[in-house]
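Next come the chains, spelled out residue by residue.
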Amino acid sequence: MNENFAILELKYGNIYGGYPNYFVIAEASLLVFEPESRKIFIESWRNGLDINYVTVYPKTDELGHTIERVREVVNMKTGEVRPFMEDFKLDDRALDLAFKQVQPVRNWVKRFLLNAFRKYNVRTIIIFDGRRDIFLCERAGVNFARMRIVDLQKVINKETNYLFSLNKLSKVINLNFDNTYLRSNNLEYWMHPVAARQLKPMSAAWDAARLLMVHNEYMYHHEDFMLQAAKLVNKIEKRKEE
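Residues numbered from 1 in each chain as written. Predicted model: local features only at pLDDT ≥ 70, side-chain atom pairs only at ≥ 80, totals over all residues. Heavy atoms only, no water.

Hey, could you run me through the overall build of the chain in this one?
When helices and strands are tallied, the chain shows 8 helices and 11 strands. Computed over its C-alpha atoms, the radius of gyration of the chain comes to 19 Å, within 12% of the 18 Å expected for a compact globule of 242 residues. In terms of principal-axis extent, the alpha carbons of the chain reach across some 55 × 50 × 35 Å. Out of the 242 residues in the chain, the part that is buried amounts to 47%. Relative to all contacts within the chain whose residues are 6 or more apart in sequence, the contacts with residues 24 or more apart total 65%. Total accessible area on the chain stands at roughly 13600 Å², and carbon and sulfur atoms take up 47% of it. Side chains of the chain carry 36 positive and 31 negative charges; the gap between the two charge centres is 5 Å. (Helix = DSSP H or I, 4+ residues; strand = E, 2+ residues; numbered from the N terminus. Rg over C-alpha atoms; globule rule 2.2 N^0.38 Å. Buried < 20%, exposed > 50% of the residue type's maximum accessible area, 1.4 Å probe, protein only. Contact = heavy atoms within 4.5 Å. Areas by Shrake-Rupley, 256 points an atom, 1.4 Å probe, with all protein chains shown as cover. Lys, Arg positive; Asp, Glu negative; His and termini not counted. Charge placed at Lys NZ, Arg CZ, Asp CG, Glu CD.)

How should the pairing of strand 4 (residues 52-60) be read in this particular structure?
Remark: a regular strand shows side chains that alternate across the two faces of the sheet. Pairing geometry for strand 4 and strand 5 (residues 66-75), over 9 bridges, is antiparallel. Considered in strand 5, the bridge of asparagine 52 is made with asparagine 75. The antiparallel hairpin formed by strand 4 and strand 5 contains 5 residues in its connecting segment, where glycine 64 sits at a positive phi of about 85 degrees. (Pairing = 2+ DSSP bridges.)

Even after reading the chapter, I still don't get the pattern of salt bridges, so can you show me in this structure?
Pairs can form between side chains of opposite charge once their charged atoms are near each other. Applying the stated rule across the entire model yields 11 salt bridges. Of the charged contacts in the structure, one is a salt bridge between glutamate 62 and arginine 239, with a shortest N-O distance of 2.6 Å. Linking glutamate 62 in the loop between strand 4 and strand 5 with arginine 239 in helix 8 (residues 222-241), this pair joins segments that are 177 residues apart in sequence. Judged by its relative accessible area of 38%, arginine 239 is partly exposed. A salt bridge links arginine 210 to aspartate 207; the shortest N-O distance between them is 2.9 Å. You can see arginine 210 and its partner aspartate 207 sitting in helix 7 (residues 204-220), 3 residues apart, about one turn around the helix. (Salt bridge = Lys/Arg side-chain N within 4 Å of Asp/Glu carboxyl O.)

Is there a simple way to think about the sheet that holds strand 6 (residues 81-83) in this case?
Across a sheet, strands are paired by hydrogen bonds formed along the backbone, either parallel or antiparallel in direction. Pairing is antiparallel across the open sheet formed by 3 strands, whose spatial order is 4-5-6. The open sheet has two free edges, formed respectively by strand 4 and strand 6, since each of these has just one partner strand. When strand polarity is set aside, the average angle formed by the axes of neighbouring strands in this sheet is 45 degrees. (Axes fitted to C-alpha atoms, helices over the stretch in contact; angles between N-to-C directions.)

Looking at this structure, I do not really get unusual backbone geometry. What am I missing?
Across residues other than glycine, the phi torsion is negative in most instances, and most of the peptide bonds are trans. Unlike most non-glycine residues, arginine 38 shows phi in positive territory, near 65 degrees. With respect to the element layout, arginine 38 can be found in the loop between strand 2 (23-34) and strand 3 (39-46). Arginine 38 gets classed as partly exposed once you look at its relative accessible area, which sits at 40%.

For this particular structure, what's the right way to read the nonpolar core?
Generally speaking, a soluble globular protein has its nonpolar side chains buried in company with each other. In terms of nonpolar packing, the biggest core is built from 41 residues, with Leu31, Ile40, Phe164, Leu182 and Met191 touching the most fellow members. The set of elements that each furnish at least two residues to this core consists of strand 1 (5-14), strand 2, strand 3, helix 4 (152-160), helix 5 (166-172), helix 6 (193-196), helix 7 and helix 8. Per-element accounting of this core gives the leading share, 9 residues, to helix 7. Ignoring anything within four residues of it in the chain, the contact list for leucine 182 reads Ile40, Leu175, Asn176, Phe177, Leu187, Glu188, Tyr189, Met191, Trp206, Ala209 and Met213. Formed by 37 residues, the second largest nonpolar core is a distinct cluster that contains Leu8, Ile15, Ile25 and Ala26. (Core = buried A, V, L, I, M, F, W, Y, C linked by side-chain atoms within 4.5 Å.)

Explain the sheet that holds strand 1 to me, please; I cannot follow it from the model alone.
Spatially, the 5 strands line up as an open sheet ordered 3-2-1-7-8, and their pairing is mixed. On the outer flanks of this sheet lie strand 3 and strand 8 (148-151), each paired with one strand and no other. Taking each pair of neighbouring strands and ignoring which way they run, the sheet shows an average axis angle of 25 degrees. As paired strands, strand 1 and strand 2 are joined by 10 bridges and run antiparallel to one another. Within the sheet, the bridge partner assigned to leucine 8 lies in strand 2 and is leucine 30. Set on the sheet, helix 2 (residues 105-120) makes contact with strand 1, strand 2, strand 3 and strand 7 (124-127); between it and strand 3 the angle comes to about 165 degrees.

Help me understand the layout of surface pockets, please; the structure alone is not making it clear to me.
Roughly 250 Å³ of volume is contained in the second largest pocket. Tyr22, Phe23, Val24, Arg106 and Leu136 are the residues nearest the centre of the second largest pocket, which is lined by 13 residues in total. Listing elements by their share of the lining of the second largest pocket, those giving two or more residues are strand 2, helix 2 and helix 3 (131-139). Taken together, the residues of the lining of the second largest pocket break down into 9 nonpolar, 2 polar and 2 charged. (1 Å grid on protein atoms, 1.4 Å probe; cavity = no way out; pocket = protein on both sides within 12 Å on 5 of 7 lines; lining within 4 Å. Points joined across faces, edges and corners; volume = space filled by probe spheres on them. Nonpolar A, V, L, I, M, F, W, Y, C, P; charged D, E, K, R; others polar.)

Just to check I follow, could you spell out the packing of aromatic side chains for this structure?
Working definition: an aromatic ring pair is given by the centre-to-centre distance plus the angle between the planes. In total, this model carries 12 aromatic pairs according to the counting rule given. Consider the rings of tyrosine 12 and phenylalanine 23, whose centres lie 5.6 Å apart with planes at 75 degrees: the pair is edge-to-face. Here phenylalanine 23 lies in strand 2 and tyrosine 12 lies in strand 1, a separation of 11 residues in the sequence. By relative accessible area, tyrosine 12 is classed as partly exposed at 23%. Among the aromatic residues, those joined into a cluster by ring pairs are Phe5, Phe33 and Tyr189. (Phe/Tyr/Trp six-rings, centres within 6.5 Å; stacked < 30°, edge-to-face > 60°.)

Shown next as structure tokens:
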């Protein structure tokens, strides 16, 4: 793949104390990679509303294997984190107010993505188990009809017959970032300071950067990628047996 491509990542969750299946987008990142120049561009949008939402993330061991799924409550405006309480519920008035607050979010996301697509002439988008990401963008009014969407998790799963998480694949490729360079087993990319500042742990931009390195190791160093993936699966299976 020598043409430019983009990686789309969202962070979203339900309003804390609201309906469990009503999701609000908290962050959106579009990472664009130019194979010929090896340049990386990152465009990010962050929801600045004073809304608490529920985020779920996996706690992993040193092999990237999930040992626990953690729920936390995060304020979209401040980033403040608080414990999740299962029985917490907003009253009707507070919930109505929250719904009114988040109404503009879809238009904001649509404007952000369409501007980024035009700016970089995006035609191919890479996602990772991103069906809901695409659905939420479509709900916001984004039309992907003229774009090719590739779910890398599905591609790798089909070839390996193993459902890898992005955490596991980050271990497979030995991902490292020192605030200047993104490095993996066979690749190294310099990050412009504007892009590098966006790569904060657990952010949409960081997940996009991880997915870029996984994608490029898989595409450009396929044999080594498959070997390292098999080694990690063997280690995980061995640990299970023990």
